[in-house]
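Here are the chains, one letter per residue:
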There are 6 protein chains.
Amino acid sequence: MKRFEKGAHWFEEVYGAGKADGLVEMQTGLAQDLARFGVEFNFGDIYSRPGLTLAQRELLSLASLVTIGGLEPQLRGHTRGAIRVGCTPTEILETVIHVVQYCGFPKALNAIRVVTDQLIELGVEIPPALGEGGE
Amino acid sequence: MKRFEKGAHWFEEVYGAGKADGLVEMQTGLAQDLARFGVEFNFGDIYSRPGLTLAQRELLSLASLVTIGGLEPQLRGHTRGAIRVGCTPTEILETVIHVVQYCGFPKALNAIRVVTDQLIELGVEIPPALGEGGE
Amino acid sequence: MKRFEKGAHWFEEVYGAGKADGLVEMQTGLAQDLARFGVEFNFGDIYSRPGLTLAQRELLSLASLVTIGGLEPQLRGHTRGAIRVGCTPTEILETVIHVVQYCGFPKALNAIRVVTDQLIELGVEIPPALGEGGE
Amino acid sequence: MKRFEKGAHWFEEVYGAGKADGLVEMQTGLAQDLARFGVEFNFGDIYSRPGLTLAQRELLSLASLVTIGGLEPQLRGHTRGAIRVGCTPTEILETVIHVVQYCGFPKALNAIRVVTDQLIELGVEIPPALGEGGE
Amino acid sequence: MKRFEKGAHWFEEVYGAGKADGLVEMQTGLAQDLARFGVEFNFGDIYSRPGLTLAQRELLSLASLVTIGGLEPQLRGHTRGAIRVGCTPTEILETVIHVVQYCGFPKALNAIRVVTDQLIELGVEIPPALGEGGE
Amino acid sequence: MKRFEKGAHWFEEVYGAGKADGLVEMQTGLAQDLARFGVEFNFGDIYSRPGLTLAQRELLSLASLVTIGGLEPQLRGHTRGAIRVGCTPTEILETVIHVVQYCGFPKALNAIRVVTDQLIELGVEIPPALGEGGE
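Residues numbered from 1 in each chain as written. Chains lettered and ligands numbered in written order. Predicted model: local features only at pLDDT ≥ 70, side-chain atom pairs only at ≥ 80, totals over all residues. Heavy atoms only, no water.

A. Representation of the overall build of chain A in the model. When you go through chain A residue by residue, the secondary structure sums to eight helices and zero strands. For 135 residues, the compact-globule formula gives about 14 Å, and the C-alpha radius of gyration of chain A, at 16 Å, lands near that figure. Taken along its principal axes, the extent of the C-alpha atoms in chain A is 55 × 30 × 25 Å. The buried share of chain A, taken over its 135 residues, is 63%. Only carbon and sulfur atoms are counted for the fraction: they give 54% of the accessible area of chain A, which is about 4500 Å². Looking at chain A, you have 12 positive and 17 negative side-chain charges, and the mean spots of the two groups are 7 Å apart. (Helix = DSSP H or I, 4+ residues; strand = E, 2+ residues; numbered from the N terminus. Rg over C-alpha atoms; globule rule 2.2 N^0.38 Å. Buried < 20%, exposed > 50% of the residue type's maximum accessible area, 1.4 Å probe, protein only. Areas by Shrake-Rupley, 256 points an atom, 1.4 Å probe, with all protein chains shown as cover. Lys, Arg positive; Asp, Glu negative; His and termini not counted. Charge placed at Lys NZ, Arg CZ, Asp CG, Glu CD.)

What follows is the structure in structure tokens.
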């Protein structure tokens, strides 16, 4: 149980108290082992490492998810996590804009709509567009 | 018509009698040629080959689909096919868990939810999680 | 404003008058900059280039989108664009069929359903399947 | 043998006389069946279809290959094929440039170097850059 | 050290005695932690699970790797592993042929060349092509 | 010329004085337009934006490149860039380790070898592994 507890600690640093069990309970039966691995490995082994802050990790997670494409539930989750660990809405949205050069426009445009909607749902103020002079 | 019939024979070994025409009828007009190629090539040319059993083929199909990501209709279809050709629910779910090391957690977690739901819909009993001691 | 106007000109050659602003307005706040880059770069810098016709470009866009997979809004948009710039329904559907050899059957079958539905919605007559003798 | 011969006919329309057997001979033993399927399905079933010219098909193939990324031998092969069936070097290179908006810069830049090198090897004159005013 | 030892045990069931340390030593400095996670998680947590045999797991690994594309060192490694845990050369090669319907021909043809070369290097007899009548 | 100069300014903030022209000169003829777009769009439009530091951008670029897989020249380039703009070797290597949960072990292990080799080539001291207690 020790590894799960360590992972749960870091998972809840990102997502809030009591959430790690929820991840496991979203799955049924044998599939709960995969959710448990998600807590133990992703959070217990990886997120717990020094060398990057949780805020840095959340932006890297978003960059990787946007690049893969189509992972709406995870985009929503890590947008919430990023806000919780102190990323600004500008950093979150600029992360999606940054990776367009690698993942192409369709994935980035679909992702930024999902991320913006999640930010709005959280009651976060959306920063205005810079417009052409703003770059 | 001979190649389609050969493919339909193997398609129906996996999915049940009378299903091959249904695959074609899910498409409209010119797109039916692509569905027909799916029956002729995937099932007539590939599934018909000796050297792997249908049960082995269904697990390999699931491994490849989970790795690509996002292909919910095909995940559902091959879960049904896997059960029909004799794969156990444990083998099907462990296949999704196995490929997490290659395709990453978001694709695997989204896929195992879809696969589990399809198994439940089929009335298949879902094996329990092994938990930490069970690995 | 000049680059956006150039991009908007080409965007509207493909999608119809008044549509470029709509693309930007589909996004909120900072995300509008990403939509603006889509107009400026994709249409102002790329679609505006000589050497390929708009009809050629629309088929290439569809080929690339089907290959990536899962990009339903873009598949729908470029199907409309392809018809507007003079591609025939046969060319559009054959483009999806052509790339199955590179992107595999699940992506191609899911995409051709989306493309066919968009063509039907546009009131375009769907060409019949060639059937086996027709290849 | 009839399907292979049909595929070989179309394969050789693209790549030149006597090449279809070469594709099979590049593989050893059981793997030759996969090469044979490539000739039969890709060329006998797909390239043989009316509705798109061979020149259109070669550009679509390049668009799909650049989008997948990393397929250097196939990029080289289809560059040769595209020239043989009458695509201009401008069309071939503009195809790579066109898909950058979907596949991102790293894949497109790596691919255009491979395609340009293959064109140079064929003795084809490389069209000059348009530069900034040329778009 | 206990998790690494458990992973090393299963790693060496697949790759042979003394190999787990070698995986770590292929990396330098901080990167060795990632290799260690590969042993602990992939082999200690995943390969160690009941429900699938090692032979089933090796074929699933190959299916996933071919689908991703371009992972030559891993294709070679899991070909060696598959032979060690008792997969036949026919099963290994048919696995690559099976997934062509999902991952497309270029990835499958490039992979089957790598896999065949590794089998030849191991001194394994390559099964003959079935040819057209053999499907 | 103004957009290229703006892009070149930011490109050279990352890669060093005189490098932007080099990127264009790595390509031949028409392909130079694609390299120019890389400077203008990626660096003039994206890297130039406020909201993320250059150090944040370099780590996000690495996260996206590792996730795509196989882009060795770009991995090497952005490793050099990351060091130039002040990322620590630990941050760079931890970025690769972080994304393994999304992109899988084969891509991450291949990438971290390339990144480590580039760091060694730059004469950067490689931080030691944390080992099991260090997480």
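B. Structural view of the confidence of the model for chain A. In this model, chain A carries an average pLDDT of 95, and 97% of its residues clear a pLDDT of 70 or more. Complex prediction metrics read pTM 0.97 and ipTM 0.96. (pLDDT = per-residue confidence, 0-100.)

C. Region of the structure containing the relation of the copies chain E and chain B. Relative to chain B, chain E is turned by 180° and slid 0.0 Å along the rotation axis, the superposed coordinates differing by an RMSD of 0.0 Å. The two molecules are tied by a two-fold rotation axis, judged by turn and shift. (Least-squares fit on C-alpha atoms with pLDDT ≥ 70 in both.)

D. Structural detail: the interface of chain E and chain B. Between chain E and chain B, the residue contacts involve 37 residues of the former and 37 residues of the latter. Between chain E and chain B we count four salt bridges in total. A salt bridge links arginine 57 of chain E to glutamate 94 of chain B; the nearest nitrogen and oxygen atoms lie 3.7 Å apart. When contributions to the side of chain E that touches chain B are tallied by element, the ones reaching two or more residues are helix 3 (31-47), helix 4 (54-68), helix 6 (89-98) and helix 7 (100-103) of chain E. With 10 residues, the single largest contributor to the side of chain E that touches chain B is helix 4 of chain E. For the side of chain E that touches chain B, the class distribution of residues is 16 nonpolar, 14 polar and seven charged. (Contact = heavy atoms within 4.5 Å. Salt bridge = Lys/Arg side-chain N within 4 Å of Asp/Glu carboxyl O. Nonpolar A, V, L, I, M, F, W, Y, C, P; charged D, E, K, R; others polar.)

E. Representation of the domain arrangement of chain A in the model. Residues and elements named next belong to chain A. Here the domain parsing of chain A yields domain 1 (1-49) and domain 2 (52-135). Computed over C-alpha atoms, the centres of domain 1 and domain 2 are 23 Å apart. Listed by partner, the interface residues are nine residues for domain 1 and 10 residues for domain 2. A combined buried area of about 800 Å² lies between domain 1 and domain 2, and 53% of that area is made up of carbon and sulfur atoms. Sorting the residues of domain 1 by area buried against domain 2 places Val14, Tyr15 and Tyr47 first, and these three jointly supply 66% of that buried surface. (Domains from an automatic or database assignment. Buried area = accessible area lost by both parts, 1.4 Å probe.)

F. Seen up close, the packing of helix 4 (residues 54-68) of chain F against helix 7 (residues 105-121) of chain F. Residues and elements named next belong to chain F. Where helix 4 meets helix 7, the closest approach of the two axes is 8 Å, and the angle between their N-to-C directions is 125°. With respect to their mutual orientation, helix 4 and helix 7 come out oblique. By crossing handedness, the relation of helix 4 to helix 7 is classed as right-handed. Residues Val66, Thr67 and Ile68 of helix 4 pack against Lys107, Ala108 and Ala111 of helix 7. Tallied by class, residues from the contact of helix 4 with helix 7 come to four nonpolar, one polar and one charged. (Axes fitted to C-alpha atoms, helices over the stretch in contact; angles between N-to-C directions. Parallel < 35°, antiparallel > 145°, perpendicular 65-115°, else oblique. Left-handed = near helix turned anticlockwise from the far one by under 90°.)

G. Inspection of the interface of chain A and chain D at higher detail. The interface is formed by six residues belonging to chain A together with six residues belonging to chain D. Summing both partners gives a buried area of about 390 Å² for chain A against chain D, and 62% of it is carried by carbon and sulfur. When the area that chain A buries against chain D is broken down by residue, the three leading residues are Gln101, Tyr102 and Pro106 of chain A, summing to 66%. Summed over the shared surface of chain A and chain D, the result is zero salt bridges. Summed over the shared surface of chain A and chain D, the number is two residue pairs in polar contact (both at pLDDT 80 or more). Taken together, the elements giving at least two residues each to the side of chain A that touches chain D come down to helix 7 (100-103) and helix 8 (105-121) of chain A. Examining the composition of the side of chain A that touches chain D, we find that three residues originate from one element, helix 7 of chain A, more than from any other. Split by residue class, the side of chain A that touches chain D holds four nonpolar, two polar and no charged. (Polar contact = N/O pair within 3.5 Å; in protein donor to acceptor, adjacent residues only side chain to side chain.)

H. View of the side chain of glutamine 27 of chain C. Following the sequence through the fold, glutamine 27 of chain C ends up in the loop between helix 2 (19-25) and helix 3 (31-47). Here the side chain of glutamine 27 of chain C touches leucine 109 of chain A through a polar contact of 3.4 Å, landing on its backbone oxygen. Every residue in contact with glutamine 27 of chain C, bar those within four places of it in the chain, is listed here: Leu109, Ile112 and Arg113 of chain A together with Gln32 and Ala35 of chain C.

I. Spatial organisation of helix 8 (residues 105-121) of chain C. All names here are of chain C. With 17 residues, helix 8 ought to run about 24 Å at 1.5 Å a step, and its terminal C-alpha atoms sit 24 Å apart, in line with that. Burial analysis of helix 8 places 12 of its 17 residues in the buried class, which makes it a mostly covered element. The first or second residue beyond helix 8 is glycine 123, which carries a positive phi of 80°. (Expected span 1.5 Å × (residues − 1).)

J. Seen up close, helix 5 (residues 72-84) of chain E. Between its terminal C-alpha atoms helix 5 of chain E stretches 19 Å, which fits the 18 Å expected from 13 residues at 1.5 Å a residue. Within the sequence span of helix 5 of chain E, burial applies to Gln74, Leu75, Gly77, His78, Thr79, Gly81 and Ala82 of chain E.

K. Structural detail: the packing of aromatic side chains. This model, assessed by the stated rule, comprises 45 aromatic pairs over all chains. Seen in terms of ring centroids, phenylalanine 41 of chain C and phenylalanine 105 of chain D are 5.8 Å apart; in terms of plane orientation they differ by 35°. Their pairing is tilted. Here phenylalanine 105 of chain D lies in helix 7 (residues 105-121) and phenylalanine 41 of chain C lies in helix 3, a pairing that spans two chains. Across from the ring centre of phenylalanine 37 of chain C, 5.1 Å away, lies the NZ or CZ of arginine 36 of chain C, which sits over that ring. (Phe/Tyr/Trp six-rings, centres within 6.5 Å; stacked < 30°, edge-to-face > 60°. Lys NZ or Arg CZ within 6 Å of the ring centre and 35° of its normal.)

L. Representation of the environment of isoleucine 120 of chain D. Note that isoleucine 120 of chain D resides in helix 7. For isoleucine 120 of chain D, a relative accessible area of 42% corresponds to the partly exposed category. As for isoleucine 120 of chain D and proline 50 of chain D, which are separated by 70 residues in sequence, their C-alpha atoms are 31 Å apart. What isoleucine 120 of chain D contacts, discounting residues up to four positions off in sequence, is Arg113 and Ile126 of chain D together with Thr28 of chain F.

M. Summary view of the side chain of glutamine 118 of chain C. All names here are of chain C. Relative to the helices and strands, glutamine 118 is located in helix 8. On the accessibility criterion, glutamine 118 (2% relative accessible area) is buried. A distance of 3.5 Å separates polar atoms of two side chains, one belonging to glutamine 118 and the other to arginine 76. The residues contacting glutamine 118, other than those within four sequence positions of it, are Arg76, Thr79 and Arg80.

N. Fine view of the environment of valine 14 of chain D. Residue and element names in this part refer to chain D. Secondary-structure assignment places valine 14 in helix 1 (residues 2-15). Linking valine 14 and alanine 82, residues 68 residues apart in sequence, is a C-alpha distance of 7.5 Å. Excluding residues within four positions of it along the chain, valine 14 makes contact with Phe43, Tyr47, Leu54, Glu58, Gly81, Arg84 and Val85.

O. Here's a closer look at the packing of helix 4 (residues 54-68) of chain B against helix 6 of chain E. Between helix 4 of chain B and helix 6 of chain E, the least distance of the axes is 10 Å, while the angle of their chain directions is 50°. Here helix 4 of chain B lies oblique to helix 6 of chain E, going by the angle between them. As helix 4 of chain B runs across helix 6 of chain E, the sense of the crossing is right-handed. The residues of helix 6 of chain E that touch helix 4 of chain B, namely those facing Gln56, Arg57, Leu60 and Ser61 of chain B, are Glu91, Glu94, Thr95 and His98 of chain E. For the contact of helix 4 of chain B with helix 6 of chain E, a count of residues per class yields one nonpolar, four polar and three charged.

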